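Structural overview for review
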Amino acid sequence: MSDPTPAAAASRTAILTGNQAAAHGAFLARTQVVSAYPITPQTTIIETLAELMARATWPAKFVNVESEHSAMAVCIGASATGTRAFTATSAQGLALMHELLHWAAGGRLPIVMVDVNRAMAPGWSIWSDQTDSLSQRDTGWAQLYCSSAQDVLDHVIMAFRMAETLSVPVMVVEDAFVLSHTAEAVSLPAQALVDAFLPPRDAPWKLDTKKPAAFGGLLSPDWYQEVRQDLHDSLTRLEGEAARCYAEWERLTGRSYDVVESWNLADARTVLVTSGTVSSTALDVIESDWARRERVGLVQIRMFRPFPAARLRDLLAGVEKVAVIDRNCSFGHHGIFFQELKSALYGLPDGQRPKAYGYVLGLGGRDIGVEAIEDVVRRTLARATPDPETTWLGAVLPAAPAVPVPPAPESVR
Amino acid sequence: MKDVHGRVTLETRGDLPPTAISLGGTAWNRTGSWKFLEPFYKNLTPPCAHACLTGLDIVAMMSAVEAGRWDDAVRVVMDVNPFPAITGRACPHPCEQPCNRKAYGGGVSIRAVERQVGDHKLAADVRPELPPTVHARVHVVGSGPAGLAAAVALRRLGHPVTVHEAAPEAGGLLRYGIPAYRLPSEVVRAEVAWVQRLGIEVRTGHRLARREIDALGPTLLAVGFGRSRPLGIPGEDLRGVHDGLPLLAAIRRGEPVPVGGTAAVIGGGNTALDVVRSLKRLGTDATVWYRRTAREMPAFRQEVEEAKEEGVPFEFLVAPVRIEPAPGGRVRLTLVRMELGPKDASGRAKPVPKAGSEFAVEVDAVVKALGEVLDEEALPAGVAAADGKVVTDDAWRTGDAERFAAGDCAGRFGYTVSEAVRSGRLAAHAMHAQLTGEAVPAASPLADQGADPEIAKFKMLHLAHFAKEGAHVPPVAAADARSAGFDPVEGALGTDAARAEAARCFKCGTCVECDVCYQFCPDIAIQKGPEGGYTIDLAHCKGCGVCVEECPRAAIHMRKSS
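Residues numbered from 1 in each chain as written. Chains lettered and ligands numbered in written order. Predicted model: local features only at pLDDT ≥ 70, side-chain atom pairs only at ≥ 80, totals over all residues. Heavy atoms only, no water.

Another aspect to go through is the overall build of chain A. The helix and strand inventory of chain A stands at 15 helices and 15 strands. If one aligns the C-alpha atoms of chain A with their principal axes, the spans along those axes are about 70 × 55 × 40 Å. When the 413 residues of chain A are sorted by exposure, 54% land in the buried category. Across chain A, every contact between residues at least 6 apart in sequence was considered, and the portion connecting residues at least 24 apart equals 82%. Summed over all atoms, the accessible surface of chain A reaches about 18,200 Å², with 55% contributed by carbon and sulfur. Between the centroid of the 36 positive side chains of chain A and the centroid of its 46 negative side chains there is a distance of 2 Å. (Helix = DSSP H or I, 4+ residues; strand = E, 2+ residues; numbered from the N terminus. Buried < 20%, exposed > 50% of the residue type's maximum accessible area, 1.4 Å probe, protein only. Contact = heavy atoms within 4.5 Å. Areas by Shrake-Rupley, 256 points an atom, 1.4 Å probe, with all protein chains shown as cover. Lys, Arg positive; Asp, Glu negative; His and termini not counted. Charge placed at Lys NZ, Arg CZ, Asp CG, Glu CD.)

It is worth spelling out the domain arrangement of chain A at this point. All names here are of chain A. Domain boundaries assigned for chain A yield domain 1 (11–212 + 221–253) and domain 2 (260–392). Domain 1 and domain 2 are separated by 27 Å when their C-alpha centres are compared. Residue-level contacts link 28 residues of domain 1 with 25 residues of domain 2. With both chains or domains summed, domain 1 and domain 2 bury close to 2,100 Å², and 57% of this area falls on carbon and sulfur atoms. Counting the contacts that link domain 1 with domain 2 gives two salt bridges. Among the ionic pairs, Arg302 bridges to Asp151, the shortest N-O distance being 3.0 Å. (Domains from an automatic or database assignment. Buried area = accessible area lost by both parts, 1.4 Å probe. Salt bridge = Lys/Arg side-chain N within 4 Å of Asp/Glu carboxyl O.)

All names here are of chain B. The buried count for helix H10 (residues 244–253) comes to eight of ten residues, which makes it a mostly enclosed element. Along H10, the residues that are buried comprise Gly244, Leu245, Leu247, Leu248, Ala249, Ala250, Ile251 and Arg252. Note on H10: the residue one or two positions beyond its end, Gly254, has a positive phi of about 80°.

As a further point, take the pairing of strand S10 (residues 270–274) of chain A. Residue and element names in this part refer to chain A. Judged by how many residues are buried, S10 sits mostly within the fold: five of five residues are covered. Side chains of S10 alternate between two faces, with Thr270, Leu272 and Thr274 and Val271 and Val273 buried alike. Pairing between S10 and strand S11 (residues 296–301): five bridges, direction parallel. Pairing of Leu272 across the sheet is with Leu298, part of S11. Inspection of the sheet shows S10 paired to strand S13 (residues 321–326) by four bridges, in the parallel sense. Residue pairing for S13: Thr270 is matched across the bridge by Lys321. (Pairing = 2+ DSSP bridges.)

Right, let's get into the pattern of salt bridges. All names here are of chain B. All told, the structure shown has 55 salt bridges over all chains when counted by the stated rule. A salt bridge links Asp125 to Arg127, with the nearest nitrogen and oxygen atoms 2.8 Å apart. Connected through salt bridges with shared partners, the residues Arg182, Asp274, Arg277, Arg281, Glu303, Glu306, Glu309, Glu310 and Arg482 form a single ionic network.

All names here are of chain B. Space inside the second largest pocket adds up to approximately 1,100 Å³. Lining the second largest pocket are 35 residues, with Ser22, Gly24, Gly25, Thr26 and Trp28 positioned closest to its centre. The element best represented in the lining of the second largest pocket is strand S2 (residues 7–9), accounting for three residues. Of the residues belonging to the lining of the second largest pocket, the class tally is 19 nonpolar, twelve polar and four charged. (1 Å grid on protein atoms, 1.4 Å probe; cavity = no way out; pocket = protein on both sides within 12 Å on 5 of 7 lines; lining within 4 Å. Points joined across faces, edges and corners; volume = space filled by probe spheres on them. Nonpolar A, V, L, I, M, F, W, Y, C, P; charged D, E, K, R; others polar.)

Time to look at the confidence of the model for chain B. Averaged over chain B, the pLDDT score is 94; the fraction of residues at 70 or greater is 100%. With a pTM of 0.71, the predicted complex shows an ipTM of 0.81. (pLDDT = per-residue confidence, 0-100.)

Another point: the nonpolar core. All names here are of chain A. Ranked by internal contacts, the top residues of the largest apolar core, which has 103 residues, are Met72 and Phe86. Among the elements that make up this core, the one with the highest residue count is helix H8 (residues 149–166) (eleven residues). Both domains that furnish three or more residues to this core are identified here as domain 1 (11–212 + 221–253) and domain 2 (260–392). When sequence neighbours within four positions are dropped, the list of residues in contact with Phe86 reads Ala26, Thr31, Val33, Val34, Ser35, Ile45, Leu49, Cys75, Val112, Val114, Val156 and Phe160. (Core = buried A, V, L, I, M, F, W, Y, C linked by side-chain atoms within 4.5 Å.)

Let us look at the interface of chain A and chain B. Counting residues at the interface gives 15 residues for chain A and nine residues for chain B. In total, chain A and chain B occlude about 1,000 Å² of area from one another, counting both sides; carbon and sulfur atoms represent 66% of this. Inspection of the region where chain A meets chain B yields zero salt bridges. Linking chain A with chain B are four residue pairs in polar contact (both at pLDDT 80 or more), by the criterion used here. (Polar contact = N/O pair within 3.5 Å; in protein donor to acceptor, adjacent residues only side chain to side chain.)

Quick look at the sheet that holds strand S9 (residues 241–243) of chain B now. All names here are of chain B. Taken in spatial order, the five strands make up an open sheet running S9-S17-S10-S11-S12, and their pairing is parallel. A strand with exactly one partner marks an edge of an open sheet, and here the two such strands are S9 and strand S12 (314–316). Going from strand to strand, the sheet's axes swing by 25° on average, the running direction of each strand aside. Pairing between S9 and strand S17 (residues 365–368): three bridges, direction parallel. (Axes fitted to C-alpha atoms, helices over the stretch in contact; angles between N-to-C directions.)

Turning our eyes to something else, we now look at empty space enclosed by the protein. All names here are of chain B. Tallied over the entire structure, the rule returns eight cavities of 30 Å³ or more. Of the volumes computed, that of the largest cavity is approximately 130 Å³. Every residue lining the largest cavity is counted, 15 residues in all, and those nearest its centre are Cys52, Leu56, Cys91, Cys95 and Glu114. Among the elements that take part in the lining of the largest cavity, helix H5 (residues 110–124) stands out by supplying three residues, more than any other. When the residues that make up the lining of the largest cavity are grouped by side-chain class, the tally is nine nonpolar, four polar and two charged.

Residue and element names in this part refer to chain A. Here we have six strands laid out as an open sheet, ordered S9-S11-S10-S13-S14-S15, and mixed in their pairing. Strands at the two margins of the open sheet, each flanked by one partner only, are strand S9 (260–263) and strand S15 (391–392). Pairing geometry for S9 and S11, over four bridges, is antiparallel. Pairing of Ser262 across the sheet is with Val299, part of S11. Contacts between helix H13 (residues 309–316) and the sheet are confined to S9, S10, S11 and S13, with S9 contributing the most and set at about 10° to the helix. Lying on the sheet, helix H15 (residues 370–382) is in contact with S10, S11, S13 and strand S14 (355–360); it crosses S13 at an angle near 145°.

Once that is clear, we can look at the packing of helix H11 (residues 270–281) of chain B against helix H12 (residues 301–309) of chain B. Residues and elements named next belong to chain B. H12 packs onto H11 with a crossing angle of 25° between their chain directions and a minimal axis gap of 10 Å. If you check the angle between H11 and H12, you find them roughly parallel. Pair H11 / H12 crosses with left-handed handedness. Where H11 abuts H12, its residues Asn270, Leu273, Asp274 and Arg277 lie against Glu303, Val304, Glu306 and Ala307. (Parallel < 35°, antiparallel > 145°, perpendicular 65-115°, else oblique. Left-handed = near helix turned anticlockwise from the far one by under 90°.)

Now for the domain arrangement of chain B. All names here are of chain B. Domain annotation of chain B identifies domain 1 (37–43 + 511–560), domain 2 (47–126 + 446–483 + 492–504), domain 3 (138–226 + 374–442) and domain 4 (258–371). Here the C-alpha centre of domain 4 lies 32 Å away from the C-alpha centre of domain 3. Listed per partner, the contact involves six residues of domain 3 and seven residues of domain 4. Of the roughly 500 Å² buried where domain 3 meets domain 4, counting both sides, 52% is carbon and sulfur surface. For the domain 3 face of the interface with domain 4, the top three residues by lost area are Pro179, Tyr181 and Arg182, together amounting to 86%. One can count two salt bridges joining domain 3 with domain 4. Taking the shortest distance from any N to any O, the salt bridge between Arg182 and Asp274 comes out at 3.4 Å.

Let us now look at unusual backbone geometry. Negative phi values dominate among residues other than glycine, just as trans dominates among peptide bonds. For the bond running from Thr40(A) to Pro41(A), omega is 5°, close enough to zero to count as cis. Mapping Pro41(A) onto the fold places it in the loop between strand S2 (33–36) and helix H3 (43–53). At the junction of Arg305(A) and Pro306(A), the peptide bond is cis and its omega measures out at -10° in the coordinates. As for its position among the elements, Pro306(A) is in the loop between strand S12 (303–305) and H13. Backbone geometry places Phe177(A), a non-glycine residue, at a positive phi of 60°. Checked against the element boundaries, Phe177(A) lands in the loop between strand S7 (170–175) and strand S8 (183–188). Take Phe177(A): its relative accessible area is 24%, and that puts it in the partly exposed class. We note that His93(B) has phi near 40°; this positive angle belongs to a residue other than glycine. Here His93(B) shows up in the loop between helix H4 (84–90) and H5.

Laid out in structure tokens, this is it:
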């Protein structure tokens, strides 16, 4: 850590849950418009933020709406006029926003949203699972997966700067309950520090009655693709912008972040790949004596979109095996981080490309403790080649007696 | 990037905005060439104005009232009818009958709003602008609604005017005919005082002899119908048999009325209704005897309904046969039962007596209320009468070039206060043209604005723009309470309710510049004019018809594109 600045010295420590940290982050960012609809486990973000916004010394509005679809619509309208807009949601709420997530990204509106990862219904569940946010992979939103309350607070603030610099929306993601409702010590930066880091939004174009223009109108086949390519290019540049933000944030606060965090990679033969709060448990596992003996490293993927493929290739080139823990599933294929990572590693030359082992566990909030992670590592160490199918771990009930699978017809073979 | 009059041409990919944002305009794209139909503004005639007996632009009055511009509302009314406080009480309001609002929450209380406008006129003393009196003095004989309306119109045309009235107070039928519970004396007095404040001389209490009329300069006769129609049966001149109109006049003068405890009122018109309701208020047990049925009664429907509420008994299909003296100073009235036969000249079924159905009643008084007719004997020399009315030409002139006639005696219109007002105004303008050679057409507001004679129908309105709220109606005194005296039956709406009621008015077929077309036009082809109103930019109007569909009140229409 570098020396904190005088502004950082004016920061104070508070005991906050992940959700409270998210709210304080949005408030410190001087958000002007908040619109949200309550849903567990997100609700305490907007509850806290409602109280904070009432004390705002800048023009600020908290807009109550009847659905998440409308909440995002309000944010889109507000952001289009050049203001700073924020919302938060979970699971079904996020799914309901889906169409408008495309509008926000396609409209190049730097909205920041916190999604508290919650399993999708049915069956009804309020517990942690990443399938909700990962289902929004292709909407054009950046996605940052956090692993601590401090991480959440800092990333909400930094997300606004990344978003506004590149005119793309950013989703900050945290795990349900394990992070959203778990309190820990958080350093609250002084307002002056945040103001220095995040100037008022200066929108390069906006909805302005004095300068009327049509927004979101018809775009002919002559132009549509190039406009979409610009969104892709801008989102791709967000990785570099994040690096600049992290550097300046470290200078101001002494706290360092990276789009991909890594531990014990120097001589690693096997690397565990995680995201979210599972990463901190995994860190305990790889710091154990047996894991050190087995030369197990850890990679935490913080940035999922844009996907830091080159960074991951650099970090993992030459490693024998990677084991990916996915608290999500792209049904009919694999865990989503696993498939994304495999796709990235495909760019490595033969001999440098690790074998990839994919594990799905912890869906619907089932705890991923030390033992579960040790199981992942041991299975990976024990198998010379990965299973061709997704490996599902952590079942509470024993397996049912095997049912013989009829052979496929000749034509399929 | 090239920009030619808002038409943008992108030259490199760098010209592309990061999202779909318009860079130029679309005015260069003259989409007007796509259309085969085009919208145009044309006001239609609202059903109320079509039915109005004075020719009032009711929608213009409603718009002014809605906006709280009471003085403007008075001016709108005053141009066709100087006495809204009177017509707002005494008019049978045929305007309300066809109101399109009836099918959507209830018809608009037009007369009650007009009364509020009239009361404002008197309270605020709103007067028309008057030119100097540059012409020769003219005289008006008779101070009923026609005479007073003519006097005001003549004064507004620059004539000094003298009104001659035989009775002690001016107002004619307004003062001595219509009962106080319908039209209080103080309202008539206030209107006469207002007329005098316009510089019009009003002389009362002297019935002009024929030679006195002969000595006057240009004169308008508005003498009304001075004689009661006779029954034509034996005994109708007996003591205890009265004429309706003089009886009403006596009641209005506050004189003791020698009628007694029971009375039979013969007739089915407004005079009969006014008499029977007035007698009831004086404690007389009076019955209406009418030779046809309720359907054929010429009295205003509202009057009949109110009389029934007050407990007035009606006997239909009975006709008087003879009247004889009865013991105790009473009279014996013999009647015969009637039945309806084939239609007569008036289009109503002709009643014919049923043989052997005669019967008699004994009453303290019989009141003949068959209506009134022209008193031909009172007409000056050179003024002829035919068919019960003064003979006039198209210019309202009698046989004498300096004698004109208006009101009931001229017999041009129906016999209501409102039609008398209209008649007086039209005659005044005709008289002015004859006397000065200068034609000033009488105002005809809708036609003057170019409104189409087609009547705006309910199905033409766009109801989504209107709330289905109920009408605001004036308070009406309970039947028991009101029939005990001569206090007004109907109260005032009040300014707030009148404004709310005016806001309820659909303003059928009339552009009120509500901006709906302006807001809905998808091509910004409807533009606001600097002086109000709208223009349509036909170079860009695609003829989609959204403005016509959306117009709440059928003031925009489509036609083949030119």
